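Descriptive analysis of the structure
In case you want the letters, here they are:
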Amino acid sequence: MDQIPLSLLVGALIALLALSAFFSMSETAMMAANRYRLRHRAREGHLGAKLALKLLARLDRLLGVILLGNNLVNIASAALVSVISFRLFGNDEWMLGALTLLLTFAILVFSEITPKVIGATYADPLSEVLSFVFTPLIRLLYPVIWFINLFVTALLRLFKLSPHSAAHTEKLTPEELRTLVMESRELIPAKHGSILMNLLDLGKISVEDVMTPRGGVEILDVDDAWEEIQERLAACRHAYLPVCRESLDHLLGVLPVRSALTRIAEPEFARNDLLAQLLPPYCIPLGTTLIAQLGFFQENRQRLGFVVDEYGEILGLVTLEDIVEEIVGEFATALPGAPRKLLWDAAGGVMVEGSQSLRDLNRKLGLDFPLDGPKTLNGLILQQLEDIPETRVSLKLHGVTVEVVQSQDKSVKIARIYRPEEQAPKTEDGERQT
């Protein structure tokens, strides 16, 4: 060792520090790499991504090579510092301690913290490049890694752990998926993010939250005059129509309107022929979540169902379109009689039907009506007043002023909602407009 030039020893020490930095950066980059992105690039045919995924599938081997190399170069660096200290200062223990502290500082700054920050910042591209280095390195050092991993595996089994458990990603809960989507809003289009959030919310929303209440369901009474039935069918804008006698309490079935229209002009087509085309009604238990009902619609090849309580009484109607609109938003429509958009007018109010769902009012008007009780505005008003309201009666519902404009048949038909003060636009001097 005395024949080796001092400059060569210093150069070797610098090279060892560089190798230590390489292994530190490699460890952080491989661990921080986005596996979903690697899988996507692997499907596109990128060889580096494929090799990186194979390395990450066996973390015990990958970490064995990285840590073996890192520890070897760090120990060799410490030994070289001792040799350099002896060559320069002899057996001076104080100088050896000072050089050891200097080496520790150099390792922390140049071989640990800085390369790890670089590895974490550029993890994805670095992981693909590094996979070309560590794939042959693992094969070359496999006997050594195998021997080391014998002890590692035994120690893990002692703690009832598996070295391969990290390779299998655990399933995320819906709440964790919501957090993932919310934190990724800057990486995905706003519309896509909104659809994903709505899809994850389907497990929390039940059919009664989106159903058309019983009073708002359009029906066809078979006891009406035949000419009136023909006119109703010709003007119908629905694909399916509930058919009953007098009310939904005597539901007979569901009529495919399109098939009936193909024969309605035939002279021999009569009331009995119409009844023969009825499909059996499909019932949905109260409390069924939308995500479950979407699967039931698919399994049973249905497009609409009647929400019933434990006594079999029909409470409302849910269609496949209602669930789809919860995911992607409302569809634009130009059908006659289609409900208009809910927008505040210049006076800060909006006219709504009493059958309007509270969930829609909250979403479209930015309100905060409770959803754990009545599902419609009419139900909330009746619950608050505990009586049939008269016209022009105003009341406060959870901080929102509501005026009953029209009531009929023991229910609120039309109501006017006034915009809360905190939603009112500000004037130039910062005051709320009234």
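This text gives an overview of the structure that appears in the document. (Residues numbered from 1 in each chain as written. Predicted model: local features only at pLDDT ≥ 70, side-chain atom pairs only at ≥ 80, totals over all residues. Heavy atoms only, no water.)

Spatial strand order, β2-β3-β4: three strands in an open sheet with mixed pairing. Both outer strands of the open sheet, β2 (220–221) and β4 (247–256), are each paired with one neighbouring strand and no more. Two elements, β2 and strand β3 (residues 240–245), share two bridges in a ladder whose sense is parallel. Within β3, the residue paired with D221 across the bridge is C244. (Pairing = 2+ DSSP bridges. Helix = DSSP H or I, 4+ residues; strand = E, 2+ residues; numbered from the N terminus.)

Here we take up helix α6 (residues 123–140). The first and last C-alpha atoms of α6 sit 25 Å apart over 18 residues, in line with the 26 Å expected at 1.5 Å per residue. Of all the bends found along α6, the most pronounced is centred on S131 and spans about 35°. Within the sequence span of α6, burial applies to A123, D124, L126, S127, E128, L130, S131, F134, T135 and I138. Next to the buried residues of α6 lie α1 (6–32), α2 (35–43), α3 (47–57), α4 (59–89), α5 (93–121) and α7 (142–158). (Expected span 1.5 Å × (residues − 1). Bend = angle between axes of the 7 residues up to and from the residue. Buried < 20%, exposed > 50% of the residue type's maximum accessible area, 1.4 Å probe, protein only. Contact = heavy atoms within 4.5 Å.)

In space, the four strands of this open sheet follow the order β8-β11-β10-β9, with antiparallel pairing throughout. In this open sheet, the two edge strands, each paired with only one partner strand, are β8 (349–353) and β9 (394–397). On average, adjacent strands in this sheet sit at an angle of 30° to one another, irrespective of strand direction. Two strands pair when backbone bridges link them, and strand β10 (residues 400–408) and strand β11 (residues 411–418) are joined in this way by six bridges, in the antiparallel orientation. Note on β11: the bridge partner recorded for S407 is V412. Together, β8, β9, β10 and β11 form the strand contacts of helix α17 (residues 377–385), whose direction differs from that of β9 by roughly 100°. (Axes fitted to C-alpha atoms, helices over the stretch in contact; angles between N-to-C directions.)

A separate point is the pattern of salt bridges. Taken as a whole and assessed by the stated rule, the structure comprises 14 salt bridges. Here R303 and E321 are joined by a salt bridge, their closest N and O atoms 2.5 Å apart. Of this pair, R303 sits in the loop between α14 (290–300) and β6 (304–308) while E321 is found in helix α15 (residues 320–328), placing the two residues 18 residues apart along the sequence. A relative accessible area of 39% means that R303 is categorised as partly exposed. The salt bridge partner of R363 is D360, with a shortest N-O separation of 2.8 Å. Of this pair, R363 and D360 both sit in helix α16 (residues 358–365), separated by three residues, roughly a single helical turn. What emerges from the salt-bridge pattern is a single network uniting E326, R359, D360 and R363. (Salt bridge = Lys/Arg side-chain N within 4 Å of Asp/Glu carboxyl O.)

Further remarks concern the nonpolar core. Of all hydrophobic cores here, the largest spans 21 residues; its most connected members are M30, L38, L55, L56, L62, L130 and F134. Every element with two or more residues in this core is listed here: α1, α2, α3, α4 and α6. It is α4 that contributes the most residues to this core, five residues altogether. Counting 19 residues, the second-largest nonpolar core is a separate cluster that includes V352, L358, A415 and I417. (Core = buried A, V, L, I, M, F, W, Y, C linked by side-chain atoms within 4.5 Å.)

Bringing unusual backbone geometry into the picture now. Within the chain, E246 stands out as a residue other than glycine whose phi angle is a positive 70°. Within the element layout of this structure, E246 appears in the loop between β3 and β4. Its relative accessible area of 62% is what places E246 among the exposed residues. Backbone geometry places H398, a non-glycine residue, at a positive phi of 55°. Locating H398 in the fold gives a position in the loop between β9 and β10.

Before going further, it helps to examine the side chain of S357. As for its placement among the helices and strands, S357 is situated in the loop between β8 and α16. Here D360 takes part through its side chain, which lies 3.1 Å from a polar atom of the side chain of S357. If sequence neighbours within four positions are ignored, S357 has contacts with D209, K375 and T376. (Polar contact = N/O pair within 3.5 Å; in protein donor to acceptor, adjacent residues only side chain to side chain.)

Between α4 and α7, the shortest axis-to-axis distance is 10 Å and the interhelical angle comes to 105°. When the interaxial angle is binned, α4 and α7 end up roughly perpendicular. Contacts between α4 and α7 involve D60, R61, G64, V65 and L68 on the former and, on the latter, Y142, V144, I145, I148 and N149. (Parallel < 35°, antiparallel > 145°, perpendicular 65-115°, else oblique.)

Burial along β9 is one-sided: L395 and L397 are buried, and none of S394 and K396, which face the opposite way, are. Pairing between β9 and β10: four bridges, direction antiparallel. Following the sheet pairing, K396 is matched in β10 by T401. With antiparallel pairing between neighbouring strands as the criterion, β9 and β10 make up a hairpin whose turn holds two residues, including H398 at a positive phi of roughly 55°.

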